[in-house]
Structure formats: structure tokens, C-alpha cells
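Coordinates in review
Given next are the chains, with one letter for each unit.
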Amino acid sequence: MAEFNRILVTGAAGFIGSGYVRYVVEQHAATQLVAFDALTYAGNPQNLDGLGDRVTFVRGDIADVEAVRAAMEGVDAVVNFAAESHVDRSLQDARPFVRTNVEGVAVLLDEARRARVRRFLQVSTDEVYGDLSGSDRHSLETDVLAPRSPYAATKAAAEHLVRSYGISYGMDVVITRGSNTYGPRQYPEKIIPLFITNALMDMPLPLYGQGTAVRDYLYVDDHCAGIDTVLHLGASGEAYNLGARTEVTGVEVARSLLRHLRKPEGLIQFVADRPGHDYRYSVDPGRAEALGWVRRVAWDEGLAATARWYADNRAWWDAVRGSAGFRGYVQRHYGPRLSQTQAAGE
Ligand code: NAD
Ligand code: DAU
């Protein structure tokens, strides 16, 4: 597929969205980007600092028709990262997830259709497949979607909408289903940045249940390269798994990063489990690999680089962790858990 002249990247001030904007600036010399973001608690304009004049930042909400219509002007591709992205928050209140992850996607699709955008890529997740525990198989794109958390349910709903616009209106749509992503600039509510920043402050690392849940950790640069490959080469109407073929348990995450940071294992605390916890995700990324994409960054290398970034960029996460919003969330979510700490392996 030919190059795109102007890409609308929504959710561009978030963790993976900002990584993707950086990736396009580096890889596609002629492409202009509209970096669109509502700047919710998870959005951080600093994530887009220093990317040059091919990037135009627009503050806006993907559920706001007028804002999206204006941003869509002259755009030939849309890559939608904008979402409420944290499972634990979706268990506290699903409504913001429905509004952004479903309603927002409907607005984007309508406006992309109206603007005759050439291609629409929806950034989805391996969580749409549901729990694979008790089996050693890997999810395939042809599997039935079986989401189990409110977050995953809204991401699956969005996928169905995207596919329906492809079928009903002949829109050129593609979907990526990425696995757990980690790296610099991830909001410190997700396990890896939460545990790294807790460890740097000598605070406990709260592992849910027995810490046995398995995730397939993908470095952010590899995820962005995979999305870009699918945008340019993916077959219309298809979904593509993006995973690292690296299955790691929660206990292994905690131990590895404590080793990198030279902190004691005694910081690990087993706490009450996540309700409805999916104990294993694992995708088969063969379909994306057939397009020429490969996972380049190995787990240990990626974790070392990530730990280094947080150690070197304390001002970035001090600002986040010091905010009233973050402190309130931690108090609500972890306060009761840490006061009822379980013994290891209970
Ligand atoms: P993030 O929470 O770091 O960023 C989300 C961004 O979307 C934020 O900048 C936020 O301000 C913005 N946003 C939220 N609601 C919006 C709205 N209504 N309008 C405009 N902008 C809005 O999330 P992330 O981890 O970078 O994830 C990005 C995408 O990738 C999401 O769609 C997520 O479902 C998907 N994904 C994430 C992972 C992962 O492990 N982090 C893995 C696979 C897929
Ligand atoms: O798989 C892709 C998904 O990965 C993305 O779609 C989501 O946007 C992203 O948030 C992530 O979801 P998870 O729920 O897997 O990520 P999280 O970092 O919240 O949890 C990873 C694992 O670590 C999971 O088994 C729960 C566990 N965990 C998490 C936290 C925050 C803990 O044990 N303790 C914690 O404090």
C-alpha cells in the first residue's frame, strides 16, 4: 500500500499512541500527523515533546462529532489508540469505557466514512479472546471473541463496530490485537511501571492472588512497528495479533525488575486478587509475521531499558504520582488490599 500523507492518530498523548507518533516521524519522512487526544488522566502532552513540526497536536474527545470532523480534514488514514485502558478502573466504573471505547469509535467511524478516509486502523487487544488458562494453545484471529472484563467487553464491541463498517459501507478497516505492552512513558497504574516506581521508592509491590497470571509482554517499539506494518500491508477487513511469544507470570515480572533495580524480594506483597482475573493470555502472531513484522526486543532487554528509563526520568512520574487523581486512585484501589495482605502463596 502507498504511503499516507496525513494520519490522524487518536489517543496520541498516551503511552502507545505517543510511541506510534514517534515511530512514524522517524520512519515516514513525508507523513504529517494530527495527534488528537482528550488529555484524560492518562494523557500527557510531554509524551509528544520534541517531535517536530510534522506533528500537530489537537486537544479533543473522540466522542465529540464536531471536534473529530474538524480533525479529519485532509486526513487519509486514522489510527485509533484513544481508549480507557485500565482493567481495574473498568471494574470500578464501566461507563467511561463504554463512552470512549464504543461510542467514541462509532463517531470516528462515521466521520472517517464522511471524509472518505482511505484506511481506518483500530488498535485492539488480546484481551478480547478471554482467558486461556488451563490450555497451552495460543489465540488465533479466527477464534470467537470471549471478553471477560468490562474493559475487554468494550474493546470487543468496538471491533464488531469497526468490522461492521467494513462490511456495511465497504470501508477499508483493519484491526490489531496487541498483547501486554511495556516500555517508557507508560502511566504507572499498569503492573510494570507501577512496580518499577514503587520499587524505586522502596514501597510494596502488590501482586494479585498468587501472582501466577501469565501475560505475553511486548515492548512498545515492537507494538508500534506491528501497527504500522498492518496499516500499510494488512488485508482489508482482517485482524492481526501482535505478541512477543514471551509468557511471563506476575511473580517473574516482580522478581526480574527487582533484580534490575537491585532491590530486595521482600518488597513483594501478595494481595486480594482482581475479580474475574484472566490467568493467561497468549496470541499466535503468525499472521502479522507473514507480513514481514518481527518482534525485535527480547523481554530482559526491554525490561532493563524500561527500568533505566524510569530511574532516569523521575520528574515525569513524580508529577503523575504526586497528582491528586493518582493518589486517590491508589488509595481507593490498593488501600483495602494492602491492609488485608495475604501471605505468599495463600
Ligand atoms: P493510555 O491509557 O496510556 O492512553 C490512552 C490515551 O487516550 C490517553 O492519552 C487519553 O488521554 C486518550 N483518551 C482517552 N479517552 C479519550 C477520548 N474520549 N478522546 C480522545 N482521547 C482519549 O493507553 P495505552 O496503553 O497507550 O493504550 C492505547 C491503546 O492500545 C488502547 O486502545 C488500548 O486498548 C490498546 N492496547 C493497549 C495495550 C497495553 O498493554 N497498554 C495492549 C494492547 C492494546
Ligand atoms: O493484554 C493487553 C492488555 O494489557 C491491554 O489491552 C490493557 O490496556 C493493558 O492495561 C493490559 O491489561 P492487564 O490487565 O493485563 O495489565 P495490568 O498491568 O493491569 O496487569 C497485568 C497483570 O499483572 C495481571 O495479571 C494483573 C497483575 N497485576 C496488575 C496490577 C496493576 C498485579 O498483580 N498487581 C497490580 O497491582
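Look a little higher up for the structure.
The notes below deal with the structure included here. Since this is a predicted model, take the numbers as computed values, not measurements.

1. Digging into the overall build of the protein
Scanning the protein for helices and strands turns up 12 helices and 13 strands. The globule rule puts the C-alpha radius of gyration for 346 residues at 20 Å, and the 19 Å found for the protein is close to it. Seen through its C-alpha atoms, the protein measures out along the principal axes to roughly 55 × 45 × 35 Å. Split into buried and exposed, the 346 residues of the protein put 56% on the buried side. Summarising the internal contacts of the protein: among those between residues at least 6 apart in sequence, 83% fall at separations of at least 24. With the model as given, the accessible surface of the protein reaches about 14200 Å², and the carbon-plus-sulfur share is 50%. When the 37 positive and 43 negative side-chain charges of the protein are each reduced to one mean point, those points stand 2 Å apart.

2. What about the sheet that holds strand β1 (residues 6–10)?
With parallel pairing, seven strands are arranged side by side in an open sheet as β3-β2-β1-β4-β5-β6-β11. In the strand order of this sheet, the two ends are held by β3 (55–59) and β11 (239–242), each with one partner. Neighbour-to-neighbour, the strand axes of this sheet turn through a mean angle of 20°, independent of strand direction. Across the sheet, helix α4 (residues 95–114) touches β1, β4 (77–80) and β5 (119–125), and the angle it forms with β5 is around 165°. Running over the sheet, helix α7 (residues 220–233) touches β1, β4, β5, β6 (173–178) and β11 and is turned about 145° from β5.

3. Side note on the pattern of salt bridges
It is possible for side chains of opposite charge to pair when their charged atoms get near one another. One pass over the structure, following the stated rule, counts 17 salt bridges. Between Glu159 and Arg177 there is a salt bridge, with the nearest N and O atoms lying 2.6 Å from each other. Of this pair, Glu159 sits in helix α5 (residues 150–169) while Arg177 sits in strand β6, and the two are 18 residues apart along the sequence. Considered together, Glu159 and Arg177 belong to a single accessibility category, that of buried residues. One salt-bridge network, in which partners are shared between bridges, spans Arg89, Glu189 and Lys190.

4. Things to note about the environment of Gln46
Among the secondary structure elements, Gln46 is positioned in the loop between β2 (32–37) and β3. Sequence separation of Gln46 and Ala13 is 33 residues, and the distance between their C-alpha atoms is 7.8 Å.

5. What to know about the packing of aromatic side chains
The geometry of an aromatic ring pair is captured by the separation of the ring centres together with the interplanar angle, meaning the angle of the planes. Across all of its chains, the model carries 12 aromatic pairs by this definition. Residues Tyr165 and Tyr169 carry aromatic rings whose centres are separated by 5.1 Å and whose planes lie at 65° to one another, so their mutual orientation is edge-to-face. Of the two residues, Tyr165 and Tyr169 are both situated in helix α5; the distance of four residues between them amounts to about one turn of the helix. According to the relative accessible area criterion, Tyr169 is partly exposed, its value standing at 43%.

6. Details of helix α10 (residues 299–312)
The end-to-end C-alpha separation of α10 is 20 Å, in line with the 20 Å expected for 14 residues at 1.5 Å each. For α10, the set of buried residues is Trp299, Gly302, Leu303, Ala304, Thr306, Ala307, Trp309 and Tyr310. Along its buried surface, α10 packs onto β7 (181–182), α6 (191–200), β10 (218–219), β12 (247–249), α8 (250–261) and α11 (314–321).

7. What to know about the side chain of Arg54
Tracing the backbone through its elements, the reader meets Arg54 in the loop between β2 and β3. As a buried residue without a salt bridge, Arg54 has its nearest oppositely charged side chain in Asp53, at a separation of 5.7 Å. Side-chain polar atoms of Arg54 contact the backbone oxygen of His28, separated by 2.8 Å. A polar side-chain atom of Arg54 sits 3.4 Å from the main-chain carbonyl oxygen of Ala29. Not counting chain neighbours up to four residues away, the residues in contact with Arg54 comprise Val24, Val25, His28, Ala29, Ala30, Thr31, Gln32 and Leu33.

Conventions we followed
Residues numbered from 1 in each chain as written. Chains lettered and ligands numbered in written order. Predicted model: local features only at pLDDT ≥ 70, side-chain atom pairs only at ≥ 80, totals over all residues. Heavy atoms only, no water. Helix = DSSP H or I, 4+ residues; strand = E, 2+ residues; numbered from the N terminus. Rg over C-alpha atoms; globule rule 2.2 N^0.38 Å. Buried < 20%, exposed > 50% of the residue type's maximum accessible area, 1.4 Å probe, protein only. Contact = heavy atoms within 4.5 Å. Areas by Shrake-Rupley, 256 points an atom, 1.4 Å probe, with all protein chains shown as cover. Lys, Arg positive; Asp, Glu negative; His and termini not counted. Charge placed at Lys NZ, Arg CZ, Asp CG, Glu CD. Pairing = 2+ DSSP bridges. Axes fitted to C-alpha atoms, helices over the stretch in contact; angles between N-to-C directions. Salt bridge = Lys/Arg side-chain N within 4 Å of Asp/Glu carboxyl O. Phe/Tyr/Trp six-rings, centres within 6.5 Å; stacked < 30°, edge-to-face > 60°. Expected span 1.5 Å × (residues − 1). Polar contact = N/O pair within 3.5 Å; in protein donor to acceptor, adjacent residues only side chain to side chain.

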